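One-letter residues, chain by chain:
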Amino acid sequence: MKGMSAETVTTQDAFDLVIEGGDVYDGLGHPVRRVDVGVCGDRIAEVGDLAGVPARERVNAAGLVVCPGFIDVHSHSDTYFLIEPSAACKLHQGVTTEVVGNCGASAAPLAGPYRMPSDWAEKDYPGRWSTVAEYRSLLEQAQPALNVVLLIGHNTLRAGVMGYGDRFAEEDEIRLMEARLDQALEEGGRGLSTGLAYVPGMFAPAEEIHRLAAVVARRAGIYTSHMRSESSGLVESVTETLAVGRETGVRVQVSHFKASGRQNWHLLEPSIGLIDEARVKGIDVAADRYPYTCSCTDLDIIFPAWAEDGGREAVLTRLRTPGLRARIREDLLRERAEDYWETVTIGSTSHPDNLQFRGQRLVDVARALDMAPVDAVLHLTDLDNLQTTAFFFGMSEENMLKVFDLPYVMVGSDGSLRAPEGPLSTDHPHPRAYGSFPRYLRMACDGHTVPLSEAIRKMTSLSADTFNLPDRGVLAPGKRADILILDPRAVADRSTYGEPHQYSEGIRDIWVNGVPAMRNGSLTGNRTGRFL
Ligand SMILES: [Zn+2]
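Okay, so let's go over this structure. (Residues numbered from 1 in each chain as written. Predicted model: local features only at pLDDT ≥ 70, side-chain atom pairs only at ≥ 80, totals over all residues. Heavy atoms only, no water.)

### Section: the coordination of the zinc ion
Coordination angles at a metal have ideal targets, namely 109.5 degrees for four tetrahedral donors and 90 or 180 degrees for six octahedral donors. Only Cys-103 (SG), His-226 (ND1) and His-256 (NE2) from the protein coordinate the zinc ion, and they sit 2.0 to 2.2 Å from it. Counting residues between consecutive donors of the zinc ion along the chain gives the motif C-x122-H-x29-H. Of this pair, Cys-103 sits in the loop between strand 7 (95-100) and helix 3 (118-121) while His-226 is found in strand 11 (residues 222-226), placing the two residues 123 residues apart along the sequence. Assessed through its relative accessible area of 7%, His-226 is described here as buried. (Donors = N, O, S within 2.8 Å, 3.2 Å for Na, K, Ca; no water. Helix = DSSP H or I, 4+ residues; strand = E, 2+ residues; numbered from the N terminus. Buried < 20%, exposed > 50% of the residue type's maximum accessible area, 1.4 Å probe, protein only.)

### Examining the side chain of His-92
Within the fold, His-92 resides in the loop between helix 2 (88-91) and strand 7. His-92 sits in the buried class, given a relative accessible area of 12%. Discounting chain neighbours no more than four positions away, the residues touching His-92 are Pro-438, Tyr-503, Ser-504, Ile-507, Met-518, Gly-521 and Leu-523. (Contact = heavy atoms within 4.5 Å.)

### Focus on the nonpolar core
Of all hydrophobic cores here, the largest spans 114 residues; its most connected members are Phe-70, Trp-129, Tyr-135, Leu-181 and Phe-257. Among the elements that make up this core, the one with the highest residue count is helix 16 (residues 432-445) (seven residues). Counting 26 residues, the second largest nonpolar core, distinct from the first, contains Ile-328, Phe-357, Val-365 and Leu-380. (Core = buried A, V, L, I, M, F, W, Y, C linked by side-chain atoms within 4.5 Å.)

### A short note on the layout of surface pockets
What the second largest pocket holds in volume is close to 230 Å³. Lining the second largest pocket are 17 residues, with Arg-190, Arg-219, Ala-220, Gly-221 and Asn-468 sitting closest to its centre. When its residues are assigned to classes, the lining of the second largest pocket shows seven nonpolar, seven polar and three charged. (1 Å grid on protein atoms, 1.4 Å probe; cavity = no way out; pocket = protein on both sides within 12 Å on 5 of 7 lines; lining within 4 Å. Points joined across faces, edges and corners; volume = space filled by probe spheres on them. Nonpolar A, V, L, I, M, F, W, Y, C, P; charged D, E, K, R; others polar.)

### Description of the sheet that holds strand 6 (residues 70-72)
Read across the open sheet, the three strands follow the order 6-7-8; overall the sheet is parallel. Every interior strand has two partners, whereas the edge strands, strand 6 and strand 8 (147-150), have only one. Each strand of the sheet is rotated relative to its neighbour by a mean of 20°, with strand direction disregarded. Sheet analysis places strand 6 next to strand 7, joined by three bridges and oriented parallel. (Pairing = 2+ DSSP bridges. Axes fitted to C-alpha atoms, helices over the stretch in contact; angles between N-to-C directions.)

### With respect to empty space enclosed by the protein
In the structure shown here, the tally under the stated rule is two cavities of 30 Å³ or more. Its volume calculated, the largest cavity comes out at about 60 Å³. Lining the largest cavity are Pro-68, Gly-69, Ile-71, Thr-96, Thr-97, Arg-472, Gly-473, Val-474, Arg-480 and Asp-482. Of the residues assigned to the lining of the largest cavity, the class counts are three nonpolar, four polar and three charged. One number sums up the size of the second largest cavity: a volume of about 40 Å³.

### Some thoughts on the state of the cysteines
Throughout the structure, instances matching the rule amount to zero disulfides. A disulfide-free cysteine, Cys-67 has its sulfur positioned 10 Å from the sulfur of Cys-445, the nearest such atom. As a non-bridged cysteine, Cys-294 has Cys-296 as the owner of its nearest cysteine sulfur, 7.0 Å distant. (Disulfide = S-S within 2.5 Å.)

### What about helix 6 (residues 171-186)?
Between its terminal C-alpha atoms helix 6 stretches 22 Å, which fits the 22 Å expected from 16 residues at 1.5 Å a residue. Within the sequence span of helix 6, burial applies to Glu-173, Ile-174, Met-177, Glu-178, Leu-181, Ala-184 and Leu-185. Projection of helix 6 onto a plane perpendicular to its axis shows the buried side chains occupying an angular sector of 140°, all on one side. Pointing more than 90 degrees away from the buried face of helix 6 are the exposed residues Asp-172 and Arg-175. Its buried side turned inward, helix 6 meets helix 4 (132-142), strand 9 (152-153), helix 5 (154-162), strand 10 (191-195) and helix 7 (206-218). (Expected span 1.5 Å × (residues − 1). Arc of directions from axis to C-beta.)

So this is what it looks like as structure tokens:
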């Protein structure tokens, strides 16, 4: 089913849908109003008293919250939409638009020596692609249930031009990156994301990022950054990120804003100070955050930078060369406090012998293996060919709440699509993939963060504004009909670190571009998302 065209708004004699009597939050942060919402085709036609007005369908929302569909500004579902377009784990969170291609890695453009992250690369896809146009065409054929916004990953671009080595780009290589980025934006990319904590982005100096961000600025796109450091180098990293906005005029988004590691928690305040100051000076900067105090990424991210040079094969070779393995071990022990290992829990593993360790604390895994924790890290990553992920319980709850209090911080899950069955059920993800938005709603409904109207703004209009989606994120006449009905008493996440593959609860009805994707808590099977 495709949504109807915009012209139906003016020629319609009856509404296609009236949602009546709900507690309506418009997404702009205004106080709740008990009004009706009328939809014609794929747009909202009216918000007000629509009693007695002709409508093809009326849905009673008394006692329930009606609001715009949520926008997940930070995800990594790029290629997963091609194999799980029903996106149930996101719909059950009320998400109707997802921004993919974050943290420096995007599904396209694929070129040269670039290799997709292993979790994407190991899946089977319905077709092949290399350019953004080809990816977009496959995505549209797959008919995702959500709207999709694509960012272009800097690591994808850089590796596609010059591989994974620890060196600066030559002028002709930068020009090739600029040209490919420009082409990718021409074909539908909305901006550039960096992952400067990862290979090969970590080898790129600020000047390279400025050159590429300038390309994005010319097309009024956004620059999002998983910064070089979110721990001891946080303040320097925020400074570097803000400079990209100052030097190029590009809109800047700090991804999953946090201070990792207890000894670095105090660095959050000065970082917020820098962002506030930049905003006063006119730099267009915002940030996103997931509502958990635990991060999740590849376990080998803790390896020293020298060991990451050259990408996966090179890292594995070092790990399997006794002298170098000993040096990695020494560096790990020197750089980490003794109690650090207590904060790590194993997520996904790939070798059959390691499957038993999923969801277990590293110190318990180490005990079971009769090794020191640092040796367990080397053992697991070696056996798994580096395909080990981990949960890092390194953030402060107080800091998380402070971040969510900032008026420019929106919600982003940092979680890719998953499913309790099928090809996306086989790993052990962070619960944020299933739970971020209901968890944040729960915090708001229970009074643990900003009021509900403001919490909804952080998942709707703020996100739409920041990512330049002018007709989304607000319940008002003329806007696209991405609408939710949810039960504020029941809304909650159920996914846990031990049992992650569990849908959230409390989202009752969803319309995506005016077409019902969920009714009474069950998916309808309609998939009417668009590539935006
Ligand atoms: Zn990231």
